[in-house]
Amino acid sequence: MKCYFCGSHIYDRYYEDHFGTVSCLKCVENNIVDACDECGRFVRPRRYVISDGRVICDLCRKASMAPDVPQEWFKNQAEAFLNSIGFNLDLSQVRIYNAESEDMNRYMKLPGLDSDLGFHMPFQDDKNDIYIRAYMSKTHYTGVLIHELTHLWQYQNCVYGIPNVFLEGMSQLTSYFFYKAIYEAKKSPVAKRQMDVIISREDEYGVGFREVMQVFKASGWDGVRAEARRLAKNVK
């Protein structure tokens, strides 16, 4: 077996991506090889680093959401998915923005914002604004949009003031099942990578995901929504 990047023979441990590309330990340790942040494909990072430092392979870049790409189709897809699992939304007053990295970095300085992928800001000029980082692949973008629209559902149903771990856990769970559906239908490496990311997180997003997943396994989506409303009623 040979390393795809340096051509040396491999006799010991090695790395392999979802696409079967093999790299020796030396290439990985010397940063000759990195993984695409969207699909996990091994690439040479110097060729594929975009302005905000993310590594995006050619395939994912071609399928990415640039700032000028219309969002209507993706909004409709996200809304349809959420409707299918019982999250009914009023999107008449929602604006969605594909934000450049500089804009996202500026917004991240605002209090209460802790995700550099996307966030929901209610009642900006009587609108609900959702900002999502540009240049994500379309599958990843839609999953992040579903996460933020779940927060919108929480806001529209007066489910706020409850532990943040449950709020984020709900949003992570809806995104996870979207990625799961895409992966099962298309074997999408982007969907698989995002599922793995959600499962492996150890912060409040990951803890919340596992907590809400237990509620879902016990009583389904209706149970998840009921638990959120119950927690909201106990807020003083």
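Position labels on residues start from 1 in each chain and follow its written sequence. pLDDT decides what is reported in this predicted model: residues at 70 or higher carry local features, side-chain atom pairs at 80 or more are listed and counted, and totals for whole chains, interfaces and linings draw on all residues regardless. Only hydrogens and water are set aside when side-chain values are computed; all heavy atoms of the structure are taken into account.

Draft legend 1. Summary view of helix H7 (residues 164-186). Helical segments are the DSSP runs of H or I of at least four residues, strand segments are the runs of E of at least two, and each set is numbered from the N terminus. What a helix should span is 1.5 Å times the count of its residues minus one. With 23 residues, H7 extends 33 Å between its outermost C-alpha atoms, agreeing within 8% with the 33 Å of an ideal straight helix rising 1.5 Å per residue. Directly after H7, the chain includes Lys 187, whose backbone phi takes a positive value near 55°.

Draft legend 2. Spatial organisation of the nonpolar core. Definition used in this section: a nonpolar core is a set of buried Ala, Val, Leu, Ile, Met, Phe, Trp, Tyr and Cys residues joined via side-chain atoms within 4.5 Å. Throughout, exposure labels follow a simple rule: accessible area from a 1.4 Å probe, protein chains only, divided by the maximum for the residue type, with under 20% read as buried, over 50% as exposed, and the rest as partly exposed. Counting residues in each nonpolar core, the largest one holds 44 residues, and the members touching the most others are Tyr 141, Leu 145, Leu 149, Phe 166 and Met 170. Of all the secondary-structure elements, those providing two or more residues to this core are helix H4 (72-84), strand S5 (94-99), strand S7 (127-133), helix H6 (138-156), H7, helix H8 (189-200) and helix H9 (204-233). Grouped together as the second largest cluster of nonpolar side chains are 10 residues, Val 55, Ile 56, Cys 60 and Val 190 included.

Draft legend 3. How the structure looks around the packing of aromatic side chains. Any two rings among Phe, Tyr and Trp, with Trp reduced to its six-membered ring, count as a pair given centres within 6.5 Å; such a pair is stacked if its planes are under 30 degrees apart, edge-to-face if over 60, and tilted if neither. Overall, the coordinates contain 15 aromatic pairs when judged by the stated rule. Centre to centre, the rings of Phe 87 and Trp 221 are 5.5 Å apart; their planes meet at 80°, and the pair counts as edge-to-face. Residue Phe 87 is located in the loop between H4 and S5, and its partner Trp 221 is located in helix H9; the two are separated by 134 residues in the primary sequence. We note that Phe 87, like Trp 221, is buried. For the pair Phe 177 and Phe 216, a centre-to-centre distance of 4.9 Å together with 50° between the ring planes defines the contact as tilted.

Draft legend 4. How the structure looks around the side chain of Lys 75. As for its placement among the helices and strands, Lys 75 is situated in helix H4. We call two residues in contact when some of their heavy atoms are within 4.5 Å. Ignoring sequence-local partners within four residues, the contact set of Lys 75 consists of Leu 91, Val 94, Ile 96 and Leu 145.

Draft legend 5. Representation of the packing of H7 against H8 in the model. Between the N-to-C directions of two axes lies an angle of 0 to 180 degrees, each axis being a line fitted to C-alpha atoms and, for a helix, fitted only over the stretch in contact. At a minimum axis distance of 8 Å, the contact between H7 and H8 shows a crossing angle of 150°. What the angle tells us is that H7 and H8 run roughly antiparallel. Helix-helix and strand crossings are classified by hand; for H7 and H8 the assignment is left-handed. Of the residues in H8, those touching H7 at Gln 172, Ser 175, Tyr 176, Tyr 179, Lys 180, Ile 182 and Tyr 183 are Ala 191, Lys 192, Gln 194, Met 195, Ile 198 and Ile 199. Roughly parallel covers angles under 35 degrees, roughly antiparallel covers those over 145, roughly perpendicular covers 65 to 115, and oblique covers all other angles. By the definition used in this description, the sense in which the near helix is turned from the far one sets the handedness, with an anticlockwise turn below a right angle giving left-handed and a clockwise turn giving right-handed.

Draft legend 6. Examining the environment of Thr 139 more closely. Tracing the backbone shows Thr 139 in helix H6. Between the C-alpha atoms of Thr 139 and Thr 21, which are 118 residues apart in sequence, the distance is 22 Å. Aside from chain neighbours lying at most four places away, what touches Thr 139 is Phe 178, Tyr 179, Ile 182, Ser 188, Val 190 and Ala 191.

Draft legend 7. Expanded view of unusual backbone geometry. Of note, Asn 31 is a non-glycine position whose phi angle comes to about 60°, a positive value. By the secondary structure assignment, Asn 31 is in the loop between helix H1 (25-29) and strand S3 (34-35). Under the relative-accessibility criterion, Asn 31 is labelled exposed at 59%.

Draft legend 8. A look at the packing of H7 against H9. Running from N to C, H7 and H9 point in directions that differ by 85°, and their axes come no closer than 7 Å. Classified by the angle between their axes, H7 and H9 sit roughly perpendicular to one another. Among the residues forming the contact of H7 with H9, the class breakdown is 17 nonpolar, five polar and four charged. Each residue gets one label: Ala, Val, Leu, Ile, Met, Phe, Trp, Tyr, Cys and Pro are nonpolar, Asp, Glu, Lys and Arg are charged, and the others, such as Gly, are polar.

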